[in-house]
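The chain contents come next:
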Amino acid sequence: MHPGAWWLWAIGLATAASRTTNPVLLLILIAGVCTVVVCRRGDAPWARAFRLYLWLAALIVAFRVGFRVVFGGGEGSTVLVRLPEIPLPDWAAGVQLFGAVSAEAVLGGLYDGLRLAAMVVCIGAANALANPKRLLKAMPGALYETGTVVVVAMSVFPQLAESVLRVRAARRLRGEIGRGPRALKSIVIPVLEDALERSLLLAAAMDSRGYGRSGRVAPGVRLLTGTLTITGLLGLCVGIYATLDGSAPRHLQVPLLVGGALVAGIGFVLTGRRVHTTRYRPDRWQAAELITVGCGVGVAAGFWLTARVDPASLNPSLSDLTWPQLPLPGVLALVVCVLPALLTPPPAVETPDRHEVVAQRHEVSA
Amino acid sequence: MTVLSAPVTRERSAVRLGPRSALVLTLASVAGLAMFVWPLFASVAPGSAQRAGEAPFVFMAVMPVLVLVVLAELSEGGIDSKALAMLGVLSAINAALRPLGAGTAGLETVFFLLVLAGRVYGPGFGFVLGCTSLFTSALVTAGVGPWLPFQMLASAWIGMGAGLLPRRVTGRAEIAMLVGYGIVVAYLFGILLNLYYWPFLAGVDVDYYAGGLSYLPDGSLLENLHRFGVYTLLTSTAGWDTGRALTNTIAILVLGPAVLATLRRAARRASYG
C-alpha cells in the first residue's frame, strides 16, 4: 500500500471527527479505526506505537473532564456533586478551584475531549499503518533536499548507539571510570566527532553518486516561482487575519486561505521541477489505494452533508440534557470508514530493513 | 597552528539565505506567529463564537503548507552535499537526544545542540535543522500529527535565532550569551506551544459553560492574557519550562565550549560556501 493513501484516509476521518461532538458517532468512529488498524497493520515498530495513541486519547478525555471539575464546573443547573471550594489569592481572580460540579459541565468536557481523542486516534492509525520510510521515498521534488536530510538522519540513527557503545568501551579500556559532567563530556564529544567525521565521508560518497545536485533553472522560471511563493504567502497572511478578525467579511476568509495555499502550492511544484531524479521501485496508486482514499473522503463528505441537513444531531445540545441522537447518514458514513479493512491487501511480511536501505541508496540522480 | 587561536570572526553559512528566502521566511514567520498567538488577539463578532472554535482546526491545515513552502524555498538554490550530510547527522543526534529527556520532569535535551549548531552554521541552517530534527524524531517515535508542524516551526525559530545572535561575541562572553538565549528560548517555546494547545485542552468558552481558565472568544486581550497566564503558570511554567531552561543552561555550560569547537572544526574542514 502507498503510505499516502493511509494518511489521506486518516485525514478524511479526522476531518469528519472535527465536525461532530456526538459521543455515539465518535465512539463508532474510534471503533472502526481500531478495527482497520488491527486488521491491516504489520509488525514494524511504528505499528506497535498505536497503543500509545489510544492512551493519549484516553488522557485527553480525562484531562478535559478533570479540568472542568477542578477549575469551576459550576455552570448549568443539574448539580451532580458539591466539592468544597478552595479560596485562591487575588492574582487568580475569576478562577475557581473545585466547588459545585454540574452534569452539563462534565458532559461538555467529555464531548469535546472525545472529539479531540477521535482525531488523535485517526492520526495514530495513519502512523501505525503507513510505512514512514516509504513515505519519505514519495517526497515531492521540491522537498528533495529535506527528504535526503531525513533519510540520512534515519539511517545514521542506529549507528549512534553503536558509536556510544564503542566510546564507552574505549573509556573502560583506558581505565576511566569517572562519573559526572567530566565523564559526560568524554562520551559526548567523541561521539559527536565520530558523527561529524562520518558526515564528511557520507558527503563525499553522496557527491560521487550525484546527490545534492540540481539542474539548471532558467531565470524566468526562478522569478515565476518566487513570485508565486510570495503571493501565496501574502494571501495566507491576509486569510489568517480574516479568520481571526470577526469584523472582516466572512467571504474573504475561505477564498484567501484556499487561494493562497493553491498559489503557494503551484510555486512549490514548480520549485520541484529543477530536481531530475528517477525512483527505484516507486509505490504506485492502484485500486486499493484509491478505495482507501475514497473511504476517507466519503466519510468526511457524509458528515458534511449531515451537518447541512441536520446540524443538531452532530452537536447535541448541552443546555437541556437528553440522550444524543443517532443520525442515519452519519452511521452510514461510518460503515464506509471500516471498508479498507476488507478491501485492501493484507500487509506483506516485512522484509528485513536492509532491503529498504538498499532501495533508498539506489535512487540515482539522472 | 595560529588559526586555532585566532578569533573566529565570520563563518560562512552552510545554507544560504538570500534576500528572497529572507522575505519568504519573514512572511511565513508572521503568518506562523499569528497562528500561535491567535487566542490573545482574535476579535470575534458577538454571536459567532462557533467561528472562534473553528479557527484552530483551520490552522491545523494551513500550518503544514506554510512549513513545506518555507523548506522548499530554503533549498531552492540547492544545498550542497556536505551541508546535507551535516544536517542529517545532527538531526539524527537531536532525534536520539529527545527521548532521553522526554518524560523526566521537563528535562528537554533537544535544544542545546540546536542552539549551538545554529550559532556555528548560521540562521538558514538552524531553521532547517530545527525542522528536520523534530520531523526525524517524530518519524522514529511514530509521533507524526497535527501538532508536528507547530513544533517544527517553533524549534526552527530557535535554531534561526541562534544564528542571528551577534557574531562578534567570543570566548566566555559567547557562552554566557548562549546560556541566556537558551533560558529565554526555553520559556518562550513553552509559552508558545501552550498557547497553541490551550484552546484544545482547556476548551473554548461557550454559552453553556464558562470555565475560569478556558479561552474566551469575545474576551479582551487583557482578559485572555490573564486567563492564559494563570493556566500556563499552573500547568507548566513552574515545572516543565523551568526544567527545560535548567537543562539548556547546564548542557551549554558543560558541553558548550567543546561542542562549539568541534562544530567549527568540522565547518572549516568542510569549507562551506
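Residues numbered from 1 in each chain as written. Chains lettered and ligands numbered in written order. Predicted model: local features only at pLDDT ≥ 70, side-chain atom pairs only at ≥ 80, totals over all residues. Heavy atoms only, no water.

With that settled, the discussion passes to the overall build of chain B. Along its length, chain B carries eight helices and zero strands. Starting at the N terminus, the α and β elements of chain B follow one another as α-α-α-α-α-α-α-α. The buried share of chain B, reckoned over its 273 residues, is 64%. By element, 69% of the accessible surface of chain B is carried by carbon and sulfur atoms, the whole surface being about 9,900 Å². (Helix = DSSP H or I, 4+ residues; strand = E, 2+ residues; numbered from the N terminus. Buried < 20%, exposed > 50% of the residue type's maximum accessible area, 1.4 Å probe, protein only. Areas by Shrake-Rupley, 256 points an atom, 1.4 Å probe, with all protein chains shown as cover.)

Right, let's talk about the overall build of chain A for a bit. Counting its secondary structure elements, chain A contains 15 helices and two strands. Each of the 366 residues in chain A was classed as buried or not, and the buried ones make up 46%. Here the analysis covers contacts within chain A between residues at least 6 apart in sequence; of these, 80% occur between residues at least 24 apart. Total accessible area on chain A stands at roughly 18,500 Å², and carbon and sulfur atoms take up 67% of it. (Contact = heavy atoms within 4.5 Å.)

Bringing the packing of aromatic side chains into the picture now. Evaluated as defined, the whole model comprises six aromatic pairs over all chains. Note on Trp6(A) and Trp9(A): the rings are 5.4 Å apart at their centroids and 80 degrees apart in plane angle, and the pair reads as edge-to-face. Here Trp6(A) and its partner Trp9(A) are both found in helix 1 (residues 3–18), three residues apart, which amounts to about one turn of the helix. An angle of 15 degrees between the planes, with centres 3.9 Å apart, marks the rings of Phe150(B) and Tyr196(B) as stacked. Of this pair, Phe150(B) sits in helix 6 (residues 147–164) while Tyr196(B) sits in helix 7 (residues 171–201), placing them 46 residues apart in sequence. Residue class for Phe150(B) comes out buried when judged on its relative accessible area of 1%. Of the residues examined, Tyr196(B) reaches a relative accessible area of 6% and is grouped as buried. What links up through ring pairs into an aromatic cluster is the set Phe36(B), Phe150(B), Trp157(B) and Tyr196(B). (Phe/Tyr/Trp six-rings, centres within 6.5 Å; stacked < 30°, edge-to-face > 60°.)

Residues and elements named next belong to chain A. Two numbers describe how helix 2 (residues 23–40) lies on helix 5 (residues 103–129): the axes approach to 10 Å, and their chain directions differ by 15 degrees. Classed by the angle they form, the pair helix 2 and helix 5 counts as roughly parallel. Here helix 2 and helix 5 pass one another in a crossing that is left-handed. Residue-level contacts link Pro23, Leu26, Leu27, Leu29, Ile30, Val33, Val36, Val37 and Arg40 of helix 2 to Tyr111, Leu114, Arg115, Ala118, Val121, Cys122, Ala125, Ala128 and Leu129 of helix 5. Its residues assigned to classes, the contact of helix 2 with helix 5 comprises 16 nonpolar, no polar and two charged. (Axes fitted to C-alpha atoms, helices over the stretch in contact; angles between N-to-C directions. Parallel < 35°, antiparallel > 145°, perpendicular 65-115°, else oblique. Left-handed = near helix turned anticlockwise from the far one by under 90°. Nonpolar A, V, L, I, M, F, W, Y, C, P; charged D, E, K, R; others polar.)

Okay, the environment of Asn94(B) next. Residues and elements named next belong to chain B. Mapped onto the elements, Asn94 comes out in helix 3 (residues 81–101). For the pair Asn94 and Leu255, spaced 161 residues apart in sequence, the C-alpha separation works out to 15 Å. Contact partners of Asn94, with chain neighbours within four places excluded, come to Val110, Leu113, Leu114, Leu129 and Ser133.

Attention now goes to the state of the cysteines. This structure, assessed with the given rule, holds zero disulfides over all chains. In this model Cys237(A) remains outside any disulfide bridge; the closest cysteine sulfur is found in Cys131(B), 17 Å from its own. Looking at Cys237(A), the relative accessible area reads 19%, which means it is buried. (Disulfide = S-S within 2.5 Å.)

For the α-helix, the turn length of 3.6 residues means that residues three or four positions removed from each other point alike. Counted residue by residue, helix 4 (residues 111–121) of chain B has eleven buried out of eleven residues, so it is predominantly covered. Just downstream of helix 4 of chain B lies Gly122(B), where phi reads positive at about 95 degrees.

Another aspect to go through is the environment of Gly163(B). Residue and element names in this part refer to chain B. Mapped onto the elements, Gly163 comes out in helix 6. Accessibility expressed as a relative area gives 7% for Gly163, which makes it buried. With 69 residues separating them in the primary sequence, Gly163 and Thr232 have C-alpha atoms 28 Å apart. Excluding residues that lie within four positions of it along the chain, Gly163 makes contacts with Gly118, Arg119, Gly122 and Pro123.

Turning to a nonpolar patch on the surface, a few remarks are in order. Residue and element names in this part refer to chain A. Nonpolar side chains collect at one region of the surface, where Leu8, Ile11, Trp285 and Leu290 lie side by side and expose about 390 Å² of accessible area between them. Tracing the backbone shows Leu290 in helix 11 (residues 287–309). Classification of Leu290 by relative accessible area gives exposed; the value is 55%. (Patch = residues over 30% accessible without salt bridge, like charges linked within 9 Å, V, L, I, M, F, W, Y side chains within 5 Å. Salt bridge = Lys/Arg side-chain N within 4 Å of Asp/Glu carboxyl O.)

Quick look at the pattern of salt bridges now. Residue and element names in this part refer to chain A. Counted by the stated rule, this structure contains eight salt bridges over all chains. Close ionic contact of Asp194 with Arg166 constitutes a salt bridge, the shortest N to O distance being 3.0 Å. Of the two residues, Asp194 is situated in helix 8 (residues 181–208) and Arg166 in helix 7 (residues 144–173); the sequence distance between them amounts to 28 residues. Taking relative accessible area as the criterion, Arg166 reaches 42% and is therefore assigned partly exposed. The residue Asp194 makes a salt bridge to Arg198 at a minimum N-O spacing of 3.7 Å. Highlighted residues: Asp194 and Arg198, both in helix 8, separated by four residues, approximately one helical turn.

All names here are of chain B. With 75% of its residues at a pLDDT of at least 70, chain B reaches an overall mean of 76. Note that pLDDT drops below 50 for residues 102–107; the model gives that stretch nine contacts with residues more than four away or on any other chain. Low pLDDT, under 50, characterises residues 206–210; the predicted model gives this stretch ten contacts beyond four residues in sequence or across chains. If you check the scores for this complex, the pTM reads 0.78 and the ipTM reads 0.78. (pLDDT = per-residue confidence, 0-100.)

Before going further, it helps to spend a moment on helix 13 (residues 328–338) of chain A. All names here are of chain A. Listed as buried for helix 13 are Gly330, Ala333, Leu334 and Cys337. Taken end-on, helix 13 shows its buried residues confined to a sector of 100 degrees, consistent with a single buried face. Exposed and oriented more than 90 degrees from the buried face of helix 13 are Leu328, Leu332 and Val335. (Arc of directions from axis to C-beta.)

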